[in-house]
Amino acid sequence: MPHLFSIFLHLLFFKLVAPVTFRHHRYDELVRMLYKVHNECPYITRVYSIGRSVKGRHLYVLEFSDYPGTHEPLEPEVKYVGNMHGNEVLGRELLLQLSEFLCEEFRNGNQRIVRLVEGTRIHIMPSMNPDGYEVAAAQGPDTFGYLVGRNNANGVDLNRNFPDLNTYIYYNEKNGGPNHHLPLPDNWKSQVEPETKAVIQWIRSFNFVLSANLHGGAVVANYPYDKSFEHRVRGFRRTANTPTPDDKLFQKLAKVYSYAHGWMHQGWNCGDYFPDGITNGASWYSLSKGMQDFNYLHTNCFEITLELSCDKFPRQEELQREWLGNREALIQFLEQVHQGIKGMVLDENYNNVANAVISVSGINHDVTSGDHGDYFRLLLPGTYTVTATAPGFDPETLIVTVGPGEPKLVNFQLKRSILQATPKRKAPNSGHRNKVLPKKVQPQAAGKKELKMKQSQRGPA
């Protein structure tokens, strides 16, 4: 009986401090919700803005960490982005619920959540397109305007607005060239929307390792590439499986979410069938200038796209079921950032080496160390040959065996390159004409001469 009474008190306490409100949140309500969570968990959260939308609404992010606002070396950074399409609203609400859940479970001493927050820096952006959401919310879920609110206030689809780096990587794969951190055009800022610009600057400012972009309109975990190798053939978009060099890893990440989800893994959803509830983006339909591929080609971040509901704007009474179906998957996906290898790249004096390139033999996609000298390389279990290189240093190569559990710590200490200048021959002068070879060289020369004389005396064999 005392045990049952303690359970009752725990449930009552949880209900009092964390009233779960399954409803849609307009912009002002979203902001209040983020600050409410921050006020309840001030020591592990931080609210910050990465910029503003076309209409001046902040693009807010809620950060979870045991040291908010600080990158801790060897602690990976992971992000969730929701509501990129303003009328696809479930991801927005799920991320608000996730924020409440992480805060309350941390306060309640849930050791799984405590480990996650203390070992990971988590960034949650509930809405990338707050202007579009307000348009969609004004019409509500019961109207027939399927695309109303999808785009930003300038009428631009934000998931077709990132610089197209796929064209360059496909060329480089055939002809040689960089396989990571592809450069942006000089005029890229004038070619993208304010929301896109803010996100690009955001992901260049943090060394993100893992990410998911939450959408609606289907139920499937979509992984890169999104753009097919032959995007257009005679004016038609071509659908063709277009894998990245990390295809097996991306499939595993997608399956983790799909099988932890309540029903995604079943495959049949919304009139479509996806085996295991996952798909390569380009094999579904080819998409150019998307955020998912951009993350992989321009940064260290591995991003997948989560399509979470058949209905883009589900009714309020459906939100609780959707939360219960996604809660475990959202947590498990965050935990996937802790796999593969990680470590420090240092010089001989133990100074951090930033922007060192970490290459894995057999996988044509490199990552780089961050400003603090730490790197993170997601890998499946196996044995790998890993090399760290940096300008001015000799490369270092190690053989690494990765297990299925926590990431293996693999540090590199690079030595400064010593330039071996080839000595120039000087013209002989009178002072050196009669100088004999050093004694240690003479026997070798004499030996060769004697050998030639003996061979000439013997004649041909």
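Everything numeric in this text was worked out from a predicted model, so none of it was measured.

Quick notes on the rules
- Residues numbered from 1 in each chain as written.
- Predicted model: local features only at pLDDT ≥ 70, side-chain atom pairs only at ≥ 80, totals over all residues.
- Heavy atoms only, no water.
- Disulfide = S-S within 2.5 Å.
- Helix = DSSP H or I, 4+ residues; strand = E, 2+ residues; numbered from the N terminus.
- Buried < 20%, exposed > 50% of the residue type's maximum accessible area, 1.4 Å probe, protein only.
- Pairing = 2+ DSSP bridges.
- Axes fitted to C-alpha atoms, helices over the stretch in contact; angles between N-to-C directions.
- Phe/Tyr/Trp six-rings, centres within 6.5 Å; stacked < 30°, edge-to-face > 60°.
- Contact = heavy atoms within 4.5 Å.
- UniProt positions renumbered as here; feature names shortened; annotations may be inferred.
- Parallel < 35°, antiparallel > 145°, perpendicular 65-115°, else oblique.
- Left-handed = near helix turned anticlockwise from the far one by under 90°.
- Nonpolar A, V, L, I, M, F, W, Y, C, P; charged D, E, K, R; others polar.

Q: Help me get a handle on the state of the cysteines, residues and values and all.
A: A complete count under the given rule lists two disulfides for this structure. Here Cys-41 connects covalently by a disulfide to Cys-103, the sulfurs 1.9 Å from one another. The disulfide joining Cys-41 to Cys-103 has a torsion of about 90° about its S-S bond and is therefore right-handed. Here Cys-103 lies in helix α3 (residues 90-107) and Cys-41 lies in the loop between α2 (27-40) and β1 (45-52), a separation of 62 residues in the sequence. Here Cys-41 and Cys-103 have matching classes, each one buried. What pairs with Cys-270 in a disulfide is Cys-310, and their sulfur atoms sit 2.0 Å apart. Every disulfide takes its handedness from the sign of the S-S torsion; for Cys-270 and Cys-310 that torsion is -85°, giving left-handed.

Q: Kindly report on unusual backbone geometry, identifying the contributing residues and their values.
A: The residue after Pro-224, namely Tyr-225, is reached through a cis peptide bond having omega 0°. You can see Tyr-225 is positioned in the loop between β6 (218-223) and β7 (232-233). Even without glycine at this site, Cys-270 takes up a positive phi of about 60°. Mapped onto the elements, Cys-270 comes out in the loop between β9 (268-269) and β10 (272-273).

Q: For the sheet that holds strand β12 (residues 302-309), give the residues involved together with the corresponding values.
A: Read from one edge of the open sheet, eight strands run β1-β2-β4-β3-β5-β12-β6-β11, paired in mixed fashion. Both edges of this open sheet fall to β1 and β11 (278-280), since each of them pairs with a single strand only. In this sheet, adjacent strand axes meet at a mean angle of 25° when their direction is disregarded. As defined by bridge partners, β6 adjoins β11 across three bridges and the pair is classed as parallel. Bridge assignment links Tyr-223 to a residue of β11, and that residue is Asn-280.

Q: I'd like to hear about helix α11 (residues 291-298), residue by residue, with values.
A: The buried count for α11 comes to eight of eight residues, which makes it a mostly enclosed element. Among the residues of α11, those classed as buried are Met-291, Gln-292, Asp-293, Phe-294, Asn-295, Tyr-296, Leu-297 and His-298.

Q: Summarise the packing of aromatic side chains; cite the residues concerned and give the values.
A: Applying the stated criterion to the full structure yields 18 aromatic pairs. Judged by centre distance (6.0 Å) and plane angle (70°), the ring pair of Tyr-225 and Tyr-296 falls under edge-to-face. Taken together, the residues span a long stretch of sequence, with Tyr-225 in the loop between β6 and β7 and Tyr-296 in helix α11 at a distance of 71 residues. There is no split in this pair, since Tyr-225 and Tyr-296 are both buried. Note on Phe-274 and Trp-284: the rings are 5.2 Å apart at their centroids and 75° apart in plane angle, and the pair reads as edge-to-face. With a gap of ten residues between them, Phe-274 in the loop between β10 and β11 and Trp-284 in helix α10 (residues 281-284) connect regions that are remote in the sequence. The class of Phe-274 is buried, set by a relative accessible area of 8%. Owing to a relative accessible area of 24%, Trp-284 belongs among the partly exposed residues under this scheme.

Q: Before we move on, could you go through the sheet that holds strand β18 (residues 396-402) and cite the residues and values that matter?
A: Taken in spatial order, the four strands make up an open sheet running β15-β14-β17-β18, and their pairing is antiparallel. The open sheet has two edge strands with one neighbour each: β15 (363-368) and β18. Across this sheet, the average inter-strand angle for adjacent strands is 25°, counted without regard to direction.

Q: Would you mind going over the environment of Met-128 in detail, with residue names and values included?
A: Mapped onto the secondary structure, Met-128 falls in the loop between β4 (121-125) and α5 (130-139). Since its relative accessible area comes to 0%, Met-128 is described here as buried. Taking C-alpha positions, Met-128 is 6.8 Å from Glu-195, a pair spaced 67 residues apart along the chain. Residues in contact with Met-128, not counting those within four places in the same chain, are Leu-59, Val-81, Gly-82, Asn-83, Met-84, Leu-158, Phe-162, Glu-195, Thr-196, Val-199 and Met-291.

Q: Describe the UniProt feature "active site" (unreviewed entry) in the protein chain, and please don't skip the residues or the numbers.
A: On the UniProt side, "active site" (unreviewed entry) is annotated at positions that read Glu-307 here. By secondary structure assignment, the location of Glu-307 is in strand β12. The buried category is assigned to Glu-307, whose relative accessible area is 7%. If we ignore the near neighbours within four places in the chain, the residues touching Glu-307 are His-215, Gly-216, Gly-217, Ala-218, Val-219, Val-220, Met-264 and Trp-284.

Q: Describe the packing of α2 against α3, with residues and values.
A: Axis separation between α2 and α3 bottoms out at 10 Å; the angle between their running directions is 15°. When the axes of α2 and α3 are compared, the pair comes out roughly parallel. Of the two possible hands of crossing, α2 and α3 adopt the one that is left-handed. Only Arg-92, Leu-96, Ser-99, Glu-100, Cys-103, Glu-104 and Arg-107 of α3 make contact with α2, whose side of the interface consists of Tyr-27, Leu-30, Met-33, Leu-34, Lys-36, Val-37 and Glu-40. Counted by class, the contact of α2 with α3 contains seven nonpolar, one polar and six charged residues.

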